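These are the residues of each chain, in order.
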Amino acid sequence: AQSVSQHNHHVILSEAASLELGCNYSYGGTVNLFWYVQYPGQHLQLLLKYFSGDPLVKGIKGFEAEFIKSKFSFNLRKPSVQWSDTAEYFCAVNPPPGTYKYIFGTGTRLKVLA
Amino acid sequence: DVKVTQSSRYLVKRTGEKVFLECVQDMDHENMFWYRQDPGLGLRLIYFSYDVKMKEKGDIPEGYSVSREKKERFSLILESASTNQTSMYLCASSPPGPNSPLHFGNGTRLTVT
């Protein structure tokens, strides 16, 4: 069955620290991957997406993610976090063929200390 | 920029009440979704609609129904609210095609007492 795992449920970092949030998926077929972010009090918004091509994808606000097919992973990275990156981050996979059910991970809450 | 508007940010209802959650999108998207967001459980799909008057059950449809009479509006209905339906409800829309990113509303935090 298709699934997405985010093993880090809560992450606390100091400003300027580097960030890597894990995302592993189980999916049979062509995979498209997404990272969404939800800042406190705001709506979920797309951070970046991977459909094909260069496995290193750059998104908004200095975030990037790398698709590693052999590891079934799509980890989110940022070299130097800011207090304003405090948010909840969700990894997601496209719906299996014939459905509209995007598959979401359970989310990672990131807190950045000023 | 796509705007998905949910009519209420916070709602408090009593057990047994009929509850309507409204969602409107302004980008002429065919697809609309209702999710429920609970801590540690991520986003769970309640219902989605791919066209006017068309709907399909998601993963947790029990206790909910939906209505889509116009393309821009997708309503979630709790026929008889229960305390275990206390949650954050997220509406989303997307263009046609299953690989399009979702555009979310701000959410409605519903408390059932």
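Counting restarts for each chain, with residues numbered from 1 along the sequence as it is written. Think of it this way: whatever chain is written first is A, whatever ligand is written first is 1, and the rest follow in order. Predicted model: local features are reported for residues with pLDDT of at least 70 only, side-chain atom pairs are reported and counted for 80 or more only, and whole-chain, interface and lining totals are derived from all residues. For side-chain calculations, the full set of non-hydrogen atoms in the structure is used, while hydrogens and water are omitted.

**Let's talk about the overall build of chain A**
Counting from the N terminus, the helices are DSSP H or I runs at least four residues long and the strands are E runs at least two residues long. Of the regular secondary structure elements, chain A holds zero helices and 12 strands. For chain A, the sequential pattern of α-helices and β-strands runs β-β-β-β-β-β-β-β-β-β-β-β. Atoms counted for the radius of gyration: C-alpha only. Globule rule: 2.2 Å times residue count to the power 0.38. Computed over the C-alpha atoms, the radius of gyration of chain A is 14 Å, within 12% of the 13 Å expected from 2.2 N^0.38 for a compact globule of 114 residues. Per-residue burial for chain A yields a buried fraction of 46% across its 114 residues. All accessibility values rest on the Shrake-Rupley procedure with a 1.4 Å probe; residue burial counts only the protein chains present in the view. Total accessible area on chain A is roughly 5500 Å²; 54% of this is exposed by carbon and sulfur atoms. Charge counting treats Lys and Arg as positive and Asp and Glu as negative, with His and both chain ends excluded. All charge positions are set by atom: Lys at NZ, Arg at CZ, Asp at CG, Glu at CD. For chain A, the separation between the mean place of its 10 positive charges and that of its 7 negative charges on side chains is 6 Å. Under the scheme applied here, a residue whose accessible area is under 20% of the maximum for its type counts as buried, over 50% as exposed, and between as partly exposed, the area being computed with a 1.4 Å probe on protein chains only.

**A closer look at the pairing of strand E6 (residues 42–51) of chain B**
All names here are of chain B. Counted residue by residue, E6 has seven buried out of 10 residues, so it is predominantly covered. The pairing criterion is simple: DSSP has to find at least two bridges between the two strands. Pairing of strand E5 (residues 31–38) with E6, which is carried by seven bridges, proceeds in the antiparallel orientation. In the sheet register, Tyr 35 faces E6, and the bridge partner there is Leu 45. The antiparallel hairpin formed by E5 and E6 contains three residues in its connecting segment, where Gly 40 sits at a positive phi of about 80°. Of the strand pairs in this sheet, E6 and strand E7 (residues 54–57) are connected by three bridges, and their pairing is antiparallel. Counted as the bridge partner of Tyr 47 is Lys 57 from E7.

**A word on the interface of chain A and chain B**
Throughout, a contact is declared for two residues whenever any of their heavy atoms are within 4.5 Å. On the chain B side, the residues contacting the 22 residues of chain A number 26 residues. By buried area we mean the combined loss of accessible area, with a 1.4 Å probe, across both parts when two parts are placed together. Here chain A and chain B share an interface that buries about 1900 Å² over both sides, 58% of which is from carbon and sulfur atoms. Taken as a group, A:Tyr100, A:Lys101 and A:Tyr102 account for 35% of the area that chain A buries against chain B, more than any other trio of residues on that side. Criterion for a salt bridge: a side-chain nitrogen of Lys or Arg within 4 Å of a carboxyl oxygen of Asp or Glu. Joining chain A to chain B, the criterion identifies one salt bridge.

**Side note on the nonpolar core**
To form a nonpolar core, buried Ala, Val, Leu, Ile, Met, Phe, Trp, Tyr and Cys residues must be joined to one another through side-chain atoms within 4.5 Å. Counting residues in hydrophobic clusters, the biggest one holds 30 residues, and the most contacted among them are A:Trp35, A:Leu48, A:Leu76 and A:Tyr89. For this core, the elements supplying multiple residues, two or more each, are strand E2 (10–14), strand E3 (19–21), strand E5 (33–38), strand E6 (45–50), strand E8 (64–68), strand E9 (73–78), strand E10 (87–93) and strand E12 (108–113) of chain A. Here the element with the most residues in this core is E10(A); it accounts for four residues. Core analysis: the next-biggest nonpolar cluster, separate from the first, contains 20 residues, B:Val19, B:Leu21, B:Trp34 and B:Ile46 among them.

**Observations regarding the pattern of salt bridges**
Residues and elements named next belong to chain A. If you walk through the whole model with that rule in mind, you get 13 salt bridges over all chains. With its nearest N and O atoms 3.6 Å apart, the salt bridge here joins Arg 109 to Glu 88. Of this pair, Arg 109 sits in strand E12 while Glu 88 sits in strand E10; the two residues are 21 residues apart in sequence, bridging distant segments of the chain. The exposure class assigned to Glu 88 is buried, which follows from its relative accessible area of 10%.

**Notes on the packing of aromatic side chains**
Pairing of aromatic rings covers Phe, Tyr and the six-membered ring of Trp, with a centre-to-centre limit of 6.5 Å; geometry is then stacked below 30 degrees between planes, edge-to-face above 60, and tilted otherwise. Under the definition given, this model contains 19 aromatic pairs over all chains. Linked through ring pairs, A:Phe34, A:Tyr36, A:Phe51, A:Tyr100, A:Tyr102, A:Phe104, B:Phe33, B:Tyr35, B:Phe48, B:Tyr50 and B:Phe104 together constitute an aromatic cluster.

**Here's the deal with the side chain of B:Gln85**
Residues and elements named next belong to chain B. Structurally, Gln 85 is set in the loop between strand E9 (73–78) and strand E10 (87–94). With relative accessibility at 4%, the residue Gln 85 sits in the buried group. When neighbours within four sequence positions are excluded, Gln 85 is seen to be in contact with Arg 36, Glu 62, Gly 63, Tyr 64, Leu 78, Ser 80, Leu 110 and Val 112.

**Re the state of the cysteines**
Throughout, a disulfide means two cysteine sulfur atoms within 2.5 Å of one another. All chains considered together, the criterion is met by two disulfides over all chains. Linked covalently through their sulfurs, A:Cys23 and A:Cys91 form a disulfide whose S-S length is 1.9 Å. In this structure, the disulfide formed by A:Cys23 and A:Cys91 twists by about -65° around the S-S bond and is classed as left-handed. Highlighted residues: A:Cys23 in the loop between E3 and strand E4 (24–26) and A:Cys91 in strand E10, separated in sequence by 68 residues. For B:Cys23, the disulfide goes to B:Cys91, at an S-S distance of 1.9 Å. Because the sign of the S-S torsion sets the handedness, a value of about -75° for the bond joining B:Cys23 and B:Cys91 places this disulfide among the left-handed ones. One end of the pair, B:Cys23, is in strand E4 (residues 23–25); the other, B:Cys91, is in strand E10, and 68 residues separate them in sequence.

Read these as spatial facts, not as claims about activity.
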